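Residues per chain, in single letters:
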Amino acid sequence: MTARRDEALADLVATVNPAAIEALTCALIAEPSVNPGGVEKSTVEVLATACRAAGFDVEVTEVEPGRPNLLATAPNAGDGPGLMLLGHSDVVPPGPGWTGDPFTPRRDGDLIVGRGSSDMKGGIAAAVAAMSVLQRAEEFGITLSGPVQLVVTVDEEEHGSGVRHLVADPPDREYAGCIVAEPTRMTVVRGCRGASYFDIGVTGRAAHSGRPSDGVSAIDGAARVIDVIREDQAALAADPDPLLGFGTWNVGTIEGGQGISVVAPSCYLGVDRRLMPGEDVDAIAAQLTEDVRRAGIEDGGVRVDVTPTMFLPGFATSADDPLVTATATAVSASGVDPNVGGWTAACDGGFISTALGIPTVVMGPGDINGQAHQPDESVSLSELVLAAQAYVRAAVELLA
């Protein structure tokens, strides 16, 4: 950029409004959108009202009854490839341990406290603030070659129905990139692991516990399945990827048995498998089924059924992609160390990257590990402002 352009951009960035970011963050927190629950509608209505008030073109599309996706477009840009800012409207249940009402936002110094403040209603508010500034870019002598659009999906925390609906019927335009406003503490994440869930049903045969040899214990069979999973985990850990590490297994739930005096006729495992980019959930299910067969678990009369129930792909964007460099430059210019790396969490960006072929990074305010999904979740207003400024700079770097 020329010195004049740098000066104009600095003046544009200086118009980011902290009070507006705080107000919208708090308004979004105050509308519970807990998932499971399917109650994102009121949050999206608040967001749509704010976007229309800012002058954006707004489309609301119902994914399921009461569960709308939102697409908001800032006007005053060219017809070239645009920039997508991506978020989700749902939050996880508050859980115990809060020192106040999770859905009554409150300030604690620089922090805004409330469920969803960090994951990720604060990031959405920062994106809206950035777009409000960007639609005035021409007043500062900056012309954007393509539009900046905010996409907010439902159901990210559970089954991804919102992003699946989006990629099945995507916006009719090209994109130079997508920035997911998830809480990364402003780190530029160019790759994420994906996630998948499996229901594993183990069927045995009931018998009196006085003669357990008359039956076949499904619980014993499930324990042997867990051993197979543990062995595969060790194999995955032996060959880590430099950016994203390796895929991981977690047996999160187990339920089984009929009674203490009965040989267990059934047992069920709920299993999480984090995915590396390019891994296929059906292939993983088939491989686990084959590993169970080879281990001889079904030889004694046990049956094991492996069923995938959720899939969110991983992705990796090249380190030299213009989106990565533009976002890192923007973060640095906003006064934050521009770390570029990978993320162990999964997000909707995996579908944007793999299904739509749009270069994708994750960069946003808040802390996925230290705040998200925890009691007294919070986000710093100062960081929300920095994120909004970084989104403005990234859009200009990429589109001007």
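Heads up: the structure comes first, above all this text.
Residues numbered from 1 in each chain as written. Predicted model: local features only at pLDDT ≥ 70, side-chain atom pairs only at ≥ 80, totals over all residues. Heavy atoms only, no water.

Q: Requested: an account of the pairing of strand β1 (residues 57-64), with residues and values cited.
A: Bridge count for β1 against strand β2 (residues 67-73) is 7 bridges, and the pairing is antiparallel. In the sheet register, Glu-64 faces β2, and the bridge partner there is Arg-67. What sits between β1 and β2 in their antiparallel hairpin is a turn of 2 residues, with Gly-66 showing a positive phi close to 80°. (Pairing = 2+ DSSP bridges. Helix = DSSP H or I, 4+ residues; strand = E, 2+ residues; numbered from the N terminus.)

Q: How would you explain empty space enclosed by the protein if you had to name every residue and give the values?
A: Empty space among the atoms becomes apparent when a probe as large as a water molecule is rolled across them. Inspection of every chain in the model, using the stated rule, returns 1 cavity of 30 Å³ or more. Here the largest cavity defines a volume of roughly 40 Å³. Ala-74, Pro-75, Asn-76, Ala-77, Leu-134, Gln-135, Leu-144, Gly-146, Pro-147 and Val-148 together form the lining of the largest cavity. Split by residue class, the lining of the largest cavity holds 7 nonpolar, 3 polar and no charged. (1 Å grid on protein atoms, 1.4 Å probe; cavity = no way out; pocket = protein on both sides within 12 Å on 5 of 7 lines; lining within 4 Å. Points joined across faces, edges and corners; volume = space filled by probe spheres on them. Nonpolar A, V, L, I, M, F, W, Y, C, P; charged D, E, K, R; others polar.)

Q: If you had to explain helix α6 (residues 218-237) to someone new, which residues and values would you point to?
A: In an α-helix, one turn spans 3.6 residues, which is why side chains three or four residues apart end up on the same side. Along its 20 residues, α6 runs 29 Å from first to last C-alpha, staying within 8% of the 28 Å computed at 1.5 Å per residue. Turning to α6, its buried residues are Ala-218, Gly-221, Ala-222, Val-225, Val-228, Ile-229, Gln-233 and Leu-236. Looking straight down α6, one finds its buried side chains confined to an arc of 145°; they lie on one side. For α6, exposure combined with an orientation more than 90 degrees from the buried face picks out Asp-220, Arg-230 and Glu-231. At its buried positions, α6 is contacted by β9 (194-203), β10 (249-256), β11 (266-275), α7 (281-294) and β12 (303-312). Its side-chain oxygen at 3.3 Å from the backbone nitrogen of Ile-219, Ser-217 defines the N-terminal cap of α6. (Expected span 1.5 Å × (residues − 1). Buried < 20%, exposed > 50% of the residue type's maximum accessible area, 1.4 Å probe, protein only. Arc of directions from axis to C-beta. Contact = heavy atoms within 4.5 Å. Polar contact = N/O pair within 3.5 Å; in protein donor to acceptor, adjacent residues only side chain to side chain.)

Q: Tell me about the packing of aromatic side chains, residues and numbers included.
A: Applying the stated rule across the entire model yields 2 aromatic pairs. Relative to Trp-249, the ring of Phe-198 has its centre 6.1 Å away and its plane inclined at 40°; by these criteria the two rings are tilted. One end of the pair, Phe-198, is in strand β9; the other, Trp-249, is in strand β10, and 51 residues separate them in sequence. The two residues Phe-198 and Trp-249 agree in class, both being buried. Judged by centre distance (6.3 Å) and plane angle (75°), the ring pair of Phe-311 and Phe-351 falls under edge-to-face. (Phe/Tyr/Trp six-rings, centres within 6.5 Å; stacked < 30°, edge-to-face > 60°.)

Q: Can you tell me about the side chain of Lys-121, naming the residues and giving the values?
A: Tracing the backbone through its elements, the reader meets Lys-121 in helix α4 (residues 117-134). One buried charged side chain, Lys-121, makes no salt bridge at all; its nearest oppositely charged neighbour is Glu-31, positioned 7.8 Å away. For Lys-121, the side chain forms a polar contact with the main-chain oxygen of Leu-28, separated by 2.9 Å. Once you skip the residues sitting within four places of it in the chain, Lys-121 turns out to touch Thr-25, Leu-28, Ile-29, Glu-31, Ser-33, Thr-43, Ser-89, Val-91 and Gly-116. (Lys, Arg positive; Asp, Glu negative; His and termini not counted. Salt bridge = Lys/Arg side-chain N within 4 Å of Asp/Glu carboxyl O.)

Q: Please set out the packing of α6 against α7 residue by residue, giving values where relevant.
A: Interhelical geometry of α6 versus α7 gives an angle of 120° and a closest axis separation of 10 Å. The two elements α6 and α7 meet at a crossing, and its hand is right-handed. Between α6 and α7, the residues in contact are Val-225, Val-228 and Ile-229 and Leu-288, Asp-291 and Val-292, respectively. Its residues placed into classes, the contact of α6 with α7 shows 5 nonpolar, no polar and 1 charged. (Axes fitted to C-alpha atoms, helices over the stretch in contact; angles between N-to-C directions. Left-handed = near helix turned anticlockwise from the far one by under 90°.)

Q: Please set out the sheet that holds β12 residue by residue, giving values where relevant.
A: If you trace the 4 strands from one edge of the open sheet to the other, you get β10-β11-β9-β12, paired in antiparallel fashion. Looking at strand neighbours, the two that pair on one side only are β10 and β12, the edges of this open sheet. If you compare each strand with its neighbour and ignore which way they point, the axes differ by 20° on average. Both β9 and β11 contribute to a ladder of 10 bridges, which runs antiparallel. By the bridge assignment for β11, Ala-195 is matched with Arg-274. Against the sheet, α6 makes contact with β9, β10, β11 and β12, and its axis sits at roughly 15° relative to β11, the strand it touches most.

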